[in-house]
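Residue-level structural notes
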Amino acid sequence: MTTLIRYILVSLVLGALIHIGAVIALPNFADQKVWNRLAQLGDNREFHLIGDHPTAVRLLGTADPAMVYAICRFNLKTGPVTMAAPPSTSFWNVTIFNENAEMIYNLHDGASRNGELDLELFHLNKKRQEVLPTIEDPNRLAPVDPLTPLPVPPPLTDAQRADLLEEAIERERLAREDDPTIEAILDVDNAFAIYKIFRPLSAYDGIIIDAMSQARCE
């Protein structure tokens, strides 16, 4: 009898633990569903047009029937991503999500200088790797006289390195101030972009299809 009671108690405890674990894991599985569904669209680094509203709802869970959607998946660790498209209707928007379907960046036509989508995305660590050699190069302290021995600079502290990184990235941004390209540095590996264009009337279908057909995500 004691053995039976012990068996029942152990079963109840194990069942409770399994139930708690399933409840905790469920949100993560739910978030991953969007990422996995988008994999059905096709290759990464390519905009895939969503042809109708029901399909957009099935893929994303929710969608605005007044919008036309295109979706692109990518991994920033493999290199920067460029998104471009010509002007379209009175409103367009690009939203970047991580693989858990959490929004991490948003851009709309009001931020564009010429009405075009012209966005370049960089991985935070990759951008740091590009900038670090320039701020840790001893030649940055080189004297004017080339015959004078080159001094050996003291090693940078973490705080100094972080400050110099910010300054270098800001200088790079200012150097490209006249460039209409908008740059964003994201601390994420896998991500997907939702590009949507407002469709006020069916008369705009030709403009929207043209913009979508020229849209690049590469």
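First, a word on what this report is: a plain description of the structure on this page. Positions within a chain are numbered from 1, following the residues in the order the chain's sequence is written. Restriction of local features to residues with pLDDT of at least 70 applies here, the model being predicted, together with a cutoff of 80 or more for giving and counting side-chain atom pairs; totals for whole chains, interfaces and linings are based on all residues. Processing note: side-chain calculations cover all non-hydrogen atoms of the structure and skip hydrogens and water entirely.

Quick notes on the overall build of the protein
For helices the rule is a DSSP run of H or I covering at least 4 residues; for strands it is a run of E covering at least 2, with both sets numbered from the N terminus onward. Within the protein, the regular secondary structure consists of 5 helices and 9 strands. Starting at the N terminus and ending at the C terminus, the protein contains elements arranged as α-β-α-β-β-β-β-β-α-α-β-β-α-β. Exposure categories follow from relative accessible area, calculated using a 1.4 Å probe and restricted to protein chains: below 20% of the type maximum is buried, above 50% is exposed, and the middle band is partly exposed. Among the 218 residues that make up the protein, the fraction classed as buried is 30%. Only the protein chains shown count as cover for residues, and the accessible areas themselves come from Shrake-Rupley with a 1.4 Å probe. Summed over all atoms, the accessible surface of the protein reaches about 13400 Å², with 58% contributed by carbon and sulfur.

Topic: the state of the cysteines
Disulfide: a covalent bond connecting the sulfur atoms of a pair of cysteines. By disulfide we mean two sulfur atoms from cysteines, separated by a distance within 2.5 Å. A complete count under the given rule lists 1 disulfide for this structure. The disulfide partner of Cys72 is Cys217, and the gap between their sulfur atoms is 2.1 Å. Between Cys72 and Cys217, the disulfide has an S-S torsion of -75 degrees and is therefore left-handed. Placement of the pair is Cys72 in strand β2 (residues 67–75) and Cys217 in strand β9 (residues 216–217), with a sequence separation of 145 residues. In this pair, the class of Cys72 matches that of Cys217, namely buried.

Focus on the nonpolar core
In these notes, a set of buried Ala, Val, Leu, Ile, Met, Phe, Trp, Tyr and Cys residues joined through side-chain atoms within 4.5 Å is what counts as a nonpolar core. Membership of the largest hydrophobic core comes to 29 residues, with the highest contact counts inside it found for Phe74, Met83, Ile96, Leu121 and Tyr195. Secondary structure elements with two or more residues in this core: β2, β3 (81–85), β4 (92–98), β5 (103–108), β6 (117–123), β7 (182–186), β8 (190–198) and α5 (205–214). Contacts are assigned to residue pairs with any non-hydrogen atoms lying within 4.5 Å of each other. Ignoring any residue separated from it by four or fewer positions in sequence, one finds Phe74 in contact with Trp35, Arg45, Val81, Met83, Ile96, Leu121, Asp189, Asn190, Ala191, Phe192, Ala193 and Cys217. Residues Leu59, Leu60, Ala63 and Ile71 belong to the second largest nonpolar core, which totals 14 residues.

Here we look at helix α2 (residues 53–60)
Within α2, burial applies to Ala56, Leu59 and Leu60. Down the axis of α2, the sector holding all buried residues measures 80 degrees, keeping them to one side. Once α2 ends, the next one or two residues include Gly61, with phi positive near 90 degrees. This arc is taken over the directions from the axis of the helix to the C-beta atoms.

What to know about the pairing of β4
In terms of residue burial, β4 counts as a mostly covered element, since 7 of its 7 residues are buried. Neither face of β4 is open: one carries Trp92, Val94, Ile96 and Asn98, the other Asn93, Thr95 and Phe97, and all of them are buried. Across 7 bridges, β4 lies against β8 in antiparallel orientation. The residue of β8 that forms the bridge with Thr95 is Ile194. In this description, strands pair whenever DSSP reports at least two bridges between them. Count of turn residues in the β4/β5 antiparallel hairpin: 4 residues, of which Ala101 carries a positive phi of about 65 degrees.

Describing the environment of Glu46
Examined against the element boundaries, Glu46 turns out to sit in the loop between α1 (2–38) and β1 (48–50). With 24 residues separating them in the primary sequence, Glu46 and Ala70 have C-alpha atoms 9.4 Å apart. With residues near it in sequence (within four places) discarded, Glu46 still touches Ile71, Cys72 and Cys217.

Quick word on α5
Residues of α5 that are buried include every one of Ile208, Ala211 and Met212, and no others. Taken around the axis of α5, the buried residues stretch over an arc of 95 degrees, which confines them to a single face. When the buried face of α5 is taken as reference, the exposed residues oriented beyond 90 degrees from it are Gly206, Ile209 and Ser213. Among the structural elements, β1, β2, β3 and β8 are those in contact with the buried residues of α5.

Some words on empty space enclosed by the protein
Here a cavity denotes a set of grid points, spaced 1 Å apart and computed over the protein atoms alone, in which a 1.4 Å probe fits but from which it cannot get out, and a pocket denotes an open set meeting protein on both sides within 12 Å along at least five of seven lines; residues with an atom within 4 Å of a point are reported as lining. Grid points are joined across faces, edges and corners, and a volume is the space filled by probe spheres set on the points. Applying the stated rule across the entire model yields 1 cavity of 30 Å³ or more. Within this model, the largest cavity holds a volume of roughly 40 Å³. If you trace the largest cavity, you find it lined by Leu38, Ala39, Leu41, Gly42, Asp43, Asn44, His48, Ile71 and Arg73. Across the lining of the largest cavity, the residue classes break down as 4 nonpolar, 3 polar and 2 charged. Under the grouping applied here, Gly and all other residues not named as nonpolar or charged are polar, the nonpolar ones being Ala, Val, Leu, Ile, Met, Phe, Trp, Tyr, Cys and Pro and the charged ones Asp, Glu, Lys and Arg.

Brief notes about the sheet that holds β7
Strand order in the open sheet formed by 4 strands is β7-β6-β3-β9, with mixed pairing between adjacent strands. One side of each edge strand has no neighbouring strand; the edge strands of this open sheet are β7 and β9. Judged from the 5 bridges that link them, β6 and β7 form a sheet pairing that is parallel. Its bridge partner being in β7, His123 is matched across the sheet by Leu186.

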